[in-house]
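# Close look at the chain arrangement
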Amino acid sequence: MDDERPIFLQVAELIENQIVDGSMPEGAQVPSINELAAFHRINPATALKGVNRLVDAGLVHKQRGIGMFVSPGARARLLGQRREAFAEQYLRPLLAEAAKLSIGPAELAEMVRQEAGSAAGPAGVVGTAPHV
Amino acid sequence: MTVVALPTAPPAPPIGRRLWNAVRLHVANPWPTLILPWFIFAAIFGLNLAIWQIISIAAGGTQNLDADAFDYNGGVTWVLFFLVAMAVQAMSLTFRFALGLGMTRRDYYVGTVAYLAGLAAMYAVGIAVLAQVERATDGWGLGGRFFAPWFLADLPAWQLWYLNAAVGLMLAMIGTVVATMWVRWKALGLYTFFGAFAVILVATGWSLTVSESWGSLGRYLTTHEPAAIVSWTLPVSLLCGLLGFAILRRATPRA
Amino acid sequence: MTAIVEVTDLTKRYGSLAAVDDASFVVREHAITGLLGRNGAGKTTLMQLITGQELATSGEIRLFGQHPLENAAVLSRTCFIKESQTYPDGFKGEHVLKVASWVFPHWDEQLARELVDEFRVPLDRRMKKLSRGQASAIGVVVGIASRAELTIFDEPYAGLDAVARQAFYDRLLADYAEHPRTIVMSTHLIDEVADLLEHVLVIDEGRLIIDAPAEELRGSATTIAGKHADVEAFSRGRDVLDADSLGAFASVTVAGLTPAERAAAAAAGLEVGPVSLQQLVIGRTRGTARQEVAS
């Protein structure tokens, strides 16, 4: 858990990441509040707040007496959200740093092409990269 | 910040259990007060027995000794001072421990005084029973008097018990007052206690002298049953018990 | 919200020293509240007041809605584990656990035995002969296994190594999750417990200086670092908790920045970083706060 953002957001994001990367497919059971609290060594109330955020967003639903499960369509919706957030979260910091180093947009685009070409995997992998 | 609801407190655990907890707190570790004292009795008694043996052998048998040679012995009084030590311990270390466990001072104090009274009664039973054995065996075969020495030699068993229990209780209660004064006021409390104690002694002696009552005091002591005389310790014990509580009631467990 | 502890205008003086100075706060039911502050800040006195062991100079305390002093109804629901706990002469660990099992109505003997195994505490040795860590472990076992509705830990870990402390936090958290209760944790090892806390109270020289949900405190302060002149320009007029400089480089800790202000700082070429709860408390309590950036 990092110090900057509320822990409940980080808990929610960790689960979202697992939904996005497929390790927690739709219909899969989400760890219980107590399991999340014990694993992350955080207050159960905080874990609950994080999970409730996902419930409120319709990504996870509760089945009384059984547990919480990933909702149908959760992954597709998260992918859509992440794409929308991509420019804000990745491109702007990238451009800011590039500007500091006097790298213009054209040069940057060329660097992106080269980097993508030399990377082993296909471009467009939806990564598990942490998003800031 | 708004406080919406106040919790409804369930009733306290029954008073009987609270007091019982305070009593058995002292016997959770039974060794120092329930077991060890009997070994100390055995050791001191054994030592006396050995000395009597040596003397009678040296004299060539008990028939060569005065009848009252082994009548005067104060060995058994150690247990009375042991009670003082137990009272001091209970009001200092154990008091802090009890408060740490969420006991109230009142419950702890009442339970502890009951426990000290119980100890005094128990030790007195032991002494009285052993005194009966002592009499039945004609002083352990040596004419020795350890458990009922001196003027107690012919006292009925119940009086012997009463005497030891009452004096033990009084000493424990005095120990309680000393210890609570220490816990509440530290060194200043001790100076106050012993100062007051000295003043009371001197004042008593002075008033006996001024009123020329020493003679009548002596007459009282020689003409009354020990049991009647010892009854004077009861109001002293009661007074000390109340005083101890008054002091402890506002004591805090600072180290 | 239910207040398990409610303190109003509480003051405790020792002579001219105010160990607790006009404190008012509540401790919420079933929350883990951190009571943080430096040694000698008044944490222990405050908890002794709450549990009726100390007598207040002025002010009001309510425990489960009642006066705590000599009140068996509320004290019997409370367990207060402190580092400096003394034990009767000759007491061994087994005696402490036996008494605890009598006194605490919700005592769980099996849990206590598990914890004893986990912390490897010898029960057959006198408390006086135990190391500080072993004696602390006995206190921790009692605190967790008591399942008291209000459990207060006052620096319970003296002498415990990092592994044992982690075991303490993990076991406490697990048992708390299954048996919710109100926990107050007084500590100066703030980083270790920061994520466990739901609410934070910070006391400094007897005064309560922070009373806030832990989530609110996270991100409530920011470090800004960069060129001296830039940092100075940015921090001017702001609530600076701490400042430091090295040659032309300067770093400040600033409270209460909005995300937009943080973004502006980053856009101005300054390094923007998070401040941990521990750093925040240090900044607030070290007495040299609010100094100007040295120029």
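My aim in this report is to walk through the structure given alongside it, one point at a time. Here the structure is a predicted model, which means the values were calculated and not measured.

Attention now moves to the overall build of chain C. Secondary structure summary: chain C contains 11 helices and 13 strands in total. Taken across its 295 residues, chain C has 59% of its residues classed as buried. For chain C, long-range pairs separated by at least 24 residues make up 68% of all intrachain contacts whose partners lie at least 6 apart in sequence. Of the roughly 11,800 Å² of accessible surface on chain C, a fraction of 48% belongs to carbon and sulfur atoms. Across chain C, the centroid of the 30 positively charged side chains sits 5 Å from that of the 41 negatively charged ones.

On to the interface of chain C and chain B. Between chain C and chain B, the residue contacts involve 41 residues of the former and 38 residues of the latter. A combined buried area of about 3,600 Å² lies between chain C and chain B, and 60% of that area is made up of carbon and sulfur atoms. Looking at the side of chain C facing chain B, the largest losses of area belong to C:Gln53, C:Glu70 and C:Trp102, adding up to 20% of the total buried there. There are 1 salt bridge connecting chain C and chain B. Here C:Glu70 ties to B:Arg105 by a salt bridge, and the two come within 3.5 Å at their closest N and O atoms. Where the side of chain C that touches chain B is concerned, the elements lending two or more residues are β1 (3-14), β2 (17-28), α2 (72-75), β5 (78-82) and α3 (93-103) of chain C.

This part covers the nonpolar core. The nonpolar side chains of a soluble globular protein tend to be buried with one another. If you look at the biggest cluster of nonpolar residues, it comprises 120 residues, and the most contacted ones within it are C:Phe91, C:Phe119, C:Val142, C:Phe168 and C:Leu277. By residue number, the principal contributor to this core is helix α7 (residues 157-210) of chain B, which donates 15 residues. Formed by 25 residues, the second largest nonpolar core is a distinct cluster that contains C:Val20, C:Leu49, C:Ile152 and C:Ile203.

With that out of the way, let us pick up helix α5 (residues 105-118) of chain A. If you check α5(A), its first and last C-alpha atoms are 20 Å apart, about what 14 residues at 1.5 Å a residue would give, namely 20 Å. The element α5(A) is largely exposed, with a buried count of 1 among its 14 residues.

On to the sheet that holds strand β1 (residues 29-30) of chain A, then. Residues and elements named next belong to chain A. Here we have 3 strands laid out as an open sheet, ordered β1-β3-β2, and antiparallel in their pairing. Looking at the sheet topology across the chains shown, the edges are occupied by β1 and β2 (60-63). Note that β2 and strand β3 (residues 67-70) share 4 bridges and pair antiparallel. When the bridges of β3 are listed, His61 appears paired with Phe69. Where helix α3 (residues 44-56) meets the sheet, it contacts β2 and β3, and its direction lies at approximately 105° from that of β2.

Moving on to helix α9 (residues 228-235) of chain C. All names here are of chain C. Buried within α9 are the following residues: His228, Val231, Phe234 and Ser235. All buried residues of α9 project into a common sector of 135° when viewed along the axis, lining one side. Turning to α9, the residues buried within the fold contact β10 (221-227), β11 (239-246), β12 (249-255) and α10 (259-267). Downstream of α9 by one or two residues, Gly237 has phi in the positive range, about 80°.

All names here are of chain C. With the rule as written, the count across this model stands at 24 salt bridges over all chains. Across the pair Arg132 and Glu83 runs a salt bridge whose closest N-O atoms are separated by 3.4 Å. Of the two residues, Arg132 is situated in helix α5 (residues 132-145) and Glu83 in the loop between β5 and α3; the sequence distance between them amounts to 49 residues. Residue Glu83 is classed as partly exposed on the basis of its relative accessible area, which comes to 39%. Its salt-bridge partner being Arg171, residue Glu114 comes within 3.0 Å of it at the nearest N-O pair.

With that settled, the discussion passes to the interface of chain C and chain A. The interface is formed by 18 residues belonging to chain C together with 19 residues belonging to chain A. For the pair chain C and chain A, the number of links is 1 salt bridge. Here chain C is connected to chain A by 6 residue pairs in polar contact (both at pLDDT 80 or more). The element that contributes the greatest number of residues to the side of chain C that touches chain A is helix α6 (residues 162-178) of chain C, accounting for 6 residues. Considered class by class, the residues forming the side of chain C that touches chain A number 8 nonpolar, 3 polar and 7 charged.

A few words on the sheet that holds β2(C). All names here are of chain C. A sheet is described by the order of its strands in space; here 3 strands give the open sequence β2-β1-β4, paired in antiparallel fashion. Of all the strands in the sheet, just β2 and β4 (58-63) have a single pairing partner and so form its edges. Averaged over all pairs of adjacent strands, the angle between strand axes in this sheet comes to 15°, irrespective of strand direction. Looking at chain direction, β1 and β4 are connected through 5 bridges and run antiparallel. In the strand pairing of β4, Thr8 is matched with Glu60. Along the sheet, helix α1 (residues 43-50) contacts β1, β2 and β4; its crossing angle with β1, the most-contacted strand, is approximately 120°.

Right, let's get into the arrangement of the chains. Once contacts are tallied for each of the 2 pairs of chains in contact, the highest total is for chains B and C. At their nearest point, the C-alpha atoms of chain A and chain B are still 19 Å apart, with no contact between the two.

All names here are of chain C. Where burial is concerned, most of β12 is hidden: 5 out of the 7 residues are buried. Where β10 and β12 come together, 7 bridges link them in antiparallel fashion. What sits directly across from Ala225, in β12, is Ser251. Note that β11 and β12 share 7 bridges and pair antiparallel. Its bridge partner being in β12, Asp242 is matched across the sheet by Thr253. Where β11 folds back on β12, the antiparallel hairpin that results is connected by 2 residues, among which Gly247 adopts a positive phi of roughly 60°.

Rules and cut-offs
Residues numbered from 1 in each chain as written. Chains lettered and ligands numbered in written order. Predicted model: local features only at pLDDT ≥ 70, side-chain atom pairs only at ≥ 80, totals over all residues. Heavy atoms only, no water. Helix = DSSP H or I, 4+ residues; strand = E, 2+ residues; numbered from the N terminus. Buried < 20%, exposed > 50% of the residue type's maximum accessible area, 1.4 Å probe, protein only. Contact = heavy atoms within 4.5 Å. Areas by Shrake-Rupley, 256 points an atom, 1.4 Å probe, with all protein chains shown as cover. Lys, Arg positive; Asp, Glu negative; His and termini not counted. Charge placed at Lys NZ, Arg CZ, Asp CG, Glu CD. Buried area = accessible area lost by both parts, 1.4 Å probe. Salt bridge = Lys/Arg side-chain N within 4 Å of Asp/Glu carboxyl O. Core = buried A, V, L, I, M, F, W, Y, C linked by side-chain atoms within 4.5 Å. Expected span 1.5 Å × (residues − 1). Pairing = 2+ DSSP bridges. Axes fitted to C-alpha atoms, helices over the stretch in contact; angles between N-to-C directions. Arc of directions from axis to C-beta. Polar contact = N/O pair within 3.5 Å; in protein donor to acceptor, adjacent residues only side chain to side chain. Nonpolar A, V, L, I, M, F, W, Y, C, P; charged D, E, K, R; others polar.

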